[in-house]
Amino acid sequence: MADRVTVIGWDGSPLTDAARAALGAATLVAGAAHHLALPEVPPTAERVRLGSLALAARRIAAHRGTAVVLADGDPGFFGVVRTLRAPEFGLEVEVVPAVSSVAAAFARAGMPWDDAQVVVAHPRTLRRAVNVCRAHTKVAVLTSPGAGPAELGLLLEGVHRTFVICEELGTEREQVSVVTSDKAADHTWRDPNVVIVIGGPAAAQEGGGWIAGRDPGAGPRGWVQPDESYGAGPAGGLGEGETQLLRAAQLARLGPRVGDLVWDIGCGSGAFATEAARAGAAVIAVDHDPAACARTESAARRFGVQLQIVHGSAPHVLENLHEPDVVRVGGGGPAVVSAVADRRPQRIVTHAATRDVAERVGRDLTEHGYRVECALLQSVELDTRAWTETERNVAFLLSGVLPDRAP
């Protein structure tokens, strides 16, 4: 095992005295090509080009001597420190940090970033990173080859965002560009780069925030809001299957979370779509009724969430939508549920007014390979002044979980 391992962050600034001293004593230096070209790297030291972090960690663990690992930005923030400290390598490390590439990117843009979401985009995580950009107004994306600004822009089709793209921060080739998301694929971008994704109205935080990223306490408390919040009453704002208790059960079955893409088909008042977005998920709300789309847009503005609203009739309008993780079918009946099941989301939830329809939907989901649950929900509203019944709602709640994609 290496006698000593020092991880040095590099942000383009001159190395600190501590970093110079560690490098001068190194018998092995690992880093990217531009790190290994630094004049402070001893000419007699063994040089390891960082590709696979796990392979490099094994080389370092087997080395007899003093090792230094050079990494861009803060190596403890989505960096090499986590890999080196993994139990299978058993390495104890000292860290000389630098300004993180995210902090540098926001500094170049002249923007605060304590309210930003920060995600890493690899080819395997790109889709989830894009969903965070759909759902939140300020996101920093640490990109990688094959999951860069062009790919982000292509997958954000239909959602307008502004990109601040910071290429090769801290080097002589550093460049900062501002483009709209639909134009990002028209350019070739140099690695490494950080993309700041901005879009949608951001609520001002009086006196600053108290927690990094999205404030979980923003907005009214509760998974679901009272029906009156969405215009229920004599004028009618809620559609069939949109009652508060049914929405709560549907949210519990689907469990939307950050990084998910939710379809809400037959969004009606926008109540479910808004509440799924408040959970941090990206949401595409679909309805054939222009008035329903307008109500959904109004609800999103009122609660300060980001929705993509699509006007059209299911199932045909679903063909060009991005692949969902979970889906609520609020309208369209068995035919729409079947079309959704063809897309293989992890979970589907819907409701039925009669047992015959519930059985038909349940059989179809089973044939698609879903594990189906069905419950008869009955809610009775009481006037607590006289404890008399004011309203009764009954519905069959159906949910399907795809075992090979659970949870």
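Higher on the page you've got the structure.
Here the residue index of a chain counts from 1 through its sequence in written order. Local features in this predicted model are restricted to residues whose pLDDT is 70 or higher, and side-chain atom pairs enter the listing and the counts only when it is 80 or higher, whereas totals over whole chains, interfaces and linings include all residues. By convention in this description, side-chain values take in all heavy atoms of the structure and omit both hydrogens and water.

1. Details of the sheet that holds strand E3 (residues 46–49)
Part 1 of the argument: Think of it this way: DSSP has to see at least two bridges between two strands before they count as a pair. A run of DSSP states H or I qualifies as a helix once it reaches four residues; a run of E qualifies as a strand once it reaches two. Both are numbered from the N-terminal end. Across the sheet, 5 strands lie side by side as E3-E2-E4-E1-E5; this open sheet has parallel pairing. Only two strands of the sheet have a single neighbouring strand rather than two, namely E3 and strand E5 (93–96). The average undirected angle you get between the axes of adjacent strands in this sheet is 20°.
Part 2 of the argument: As defined by bridge partners, strand E2 (residues 28–31) adjoins E3 across 4 bridges and the pair is classed as parallel. The residue bridging Ala30 from the neighbouring strand is Val48, located in E3.
Part 3 of the argument: Each of strand E1 (4–10), E2, strand E4 (66–72) and E5 is contacted by helix H1 (residues 17–24), which is oriented at about 135° to E1, the strand it contacts most.
Part 4 of the argument: Contacts are residue-level and defined by heavy atoms, with any inter-residue pair within 4.5 Å sufficient. Orientation is described by lines fitted to C-alpha atoms, with helices fitted over the stretch in contact, and by angles between N-to-C directions that extend from 0 to 180 degrees. Sitting on the sheet, helix H3 (residues 53–62) is in contact with E1, E2, E3 and E4, with an inclination near 160° to E3.

2. Notes on the packing of aromatic side chains
Part 1 of the argument: Only rings of Phe, Tyr and Trp enter the pairing, Trp through its six-membered ring, and a pair is recorded when the two centres are within 6.5 Å. The plane angle decides the type: under 30 degrees is stacked, over 60 is edge-to-face, the rest tilted. Following the criterion strictly, the structure yields 3 aromatic pairs and no others.
Part 2 of the argument: Geometrically, the ring pair formed by Phe106 and Trp113 is stacked, given 6.0 Å between the ring centres and 10° between the ring planes.
Part 3 of the argument: Note on exposure labels: buried denotes an accessible area under 20% of the residue type's maximum, exposed denotes more than 50%, and partly exposed covers the range between, all computed with a 1.4 Å probe on protein chains only. The class of Trp113 is partly exposed, set by a relative accessible area of 30%.

3. Here's the deal with the sheet that holds strand E11 (residues 261–265)
Part 1 of the argument: With mixed pairing, the 7 strands of this open sheet are ordered in space as E13-E12-E11-E14-E15-E17-E16. Each end of this open sheet is capped by a strand with a single partner; those strands are strand E13 (308–311) and strand E16 (371–383). The mean inter-strand angle of the sheet, taken between neighbouring strand axes irrespective of direction, is 20°.
Part 2 of the argument: Judged from the 5 bridges that link them, E11 and strand E12 (residues 282–287) form a sheet pairing that is parallel. Following the sheet pairing, Asp264 is matched in E12 by Ala285.
Part 3 of the argument: Taken strand by strand, helix H8 (residues 244–254) contacts strand E14 (326–329), strand E15 (347–352), E16 and strand E17 (388–401), and its axis lies near 155° from that of E15.

4. Re a nonpolar patch on the surface
Part 1 of the argument: Together, Val380, Leu382 and Trp387 line one region of the surface with nonpolar side chains, adding up to about 320 Å² of accessible area.
Part 2 of the argument: Tracing the chain through its elements places Val380 in strand E16. Only residues whose relative accessible area exceeds 30% and that take part in no salt bridge are eligible for patches, with like-charged residues grouped when within 9 Å of each other and nonpolar side chains (Val, Leu, Ile, Met, Phe, Trp, Tyr) grouped when within 5 Å. All accessible areas in this document rest on Shrake-Rupley with a 1.4 Å probe, and a residue is counted as covered only by the protein chains that are shown. Salt bridge, as used here: a side-chain nitrogen of Lys or Arg that lies within 4 Å of a carboxyl oxygen of Asp or Glu.

5. Remarks on the pairing of strand E8 (residues 162–167)
Part 1 of the argument: Burial runs high along E8: 5 of the 6 residues are buried.
Part 2 of the argument: Pairing of E8 with strand E10 (residues 193–198) involves 6 bridges; the strand directions are antiparallel. When the sheet's bridge partners are listed, Glu167 is paired in E10 with Asn193.

6. Some points on the environment of Ala32
Part 1 of the argument: In this structure, Ala32 sits in the loop between E2 and helix H2 (33–36).
Part 2 of the argument: Placed 334 residues apart in sequence, Ala32 and Thr366 show a C-alpha to C-alpha distance of 51 Å.

7. Details of the pairing of E16
Part 1 of the argument: As paired elements, E16 and E17 share 13 bridges and run antiparallel to each other. Paired with Leu382 across the strands is Glu389, a residue of E17.
Part 2 of the argument: Where E16 folds back onto E17 in an antiparallel hairpin, the turn is made up of 4 residues, including Trp387, whose phi is positive at roughly 50°.

8. A look at unusual backbone geometry
Working note: non-glycine residues mostly have negative phi, and peptide bonds are mostly trans.
Part 1 of the argument: Across the junction of Asp191 and Pro192, the peptide omega takes the value -5°, indicating a cis bond.
Part 2 of the argument: The residue after Ala314, namely Pro315, is reached through a cis peptide bond having omega 10°.
Part 3 of the argument: One non-glycine residue, Glu168, adopts positive backbone phi at about 45°.
Part 4 of the argument: In this structure, Glu168 sits in the loop between E8 and strand E9 (175–180).
Part 5 of the argument: In this structure, Trp387 is a non-glycine residue whose phi angle is positive, near 50°.

Nothing here speaks to function; it is geometry throughout.
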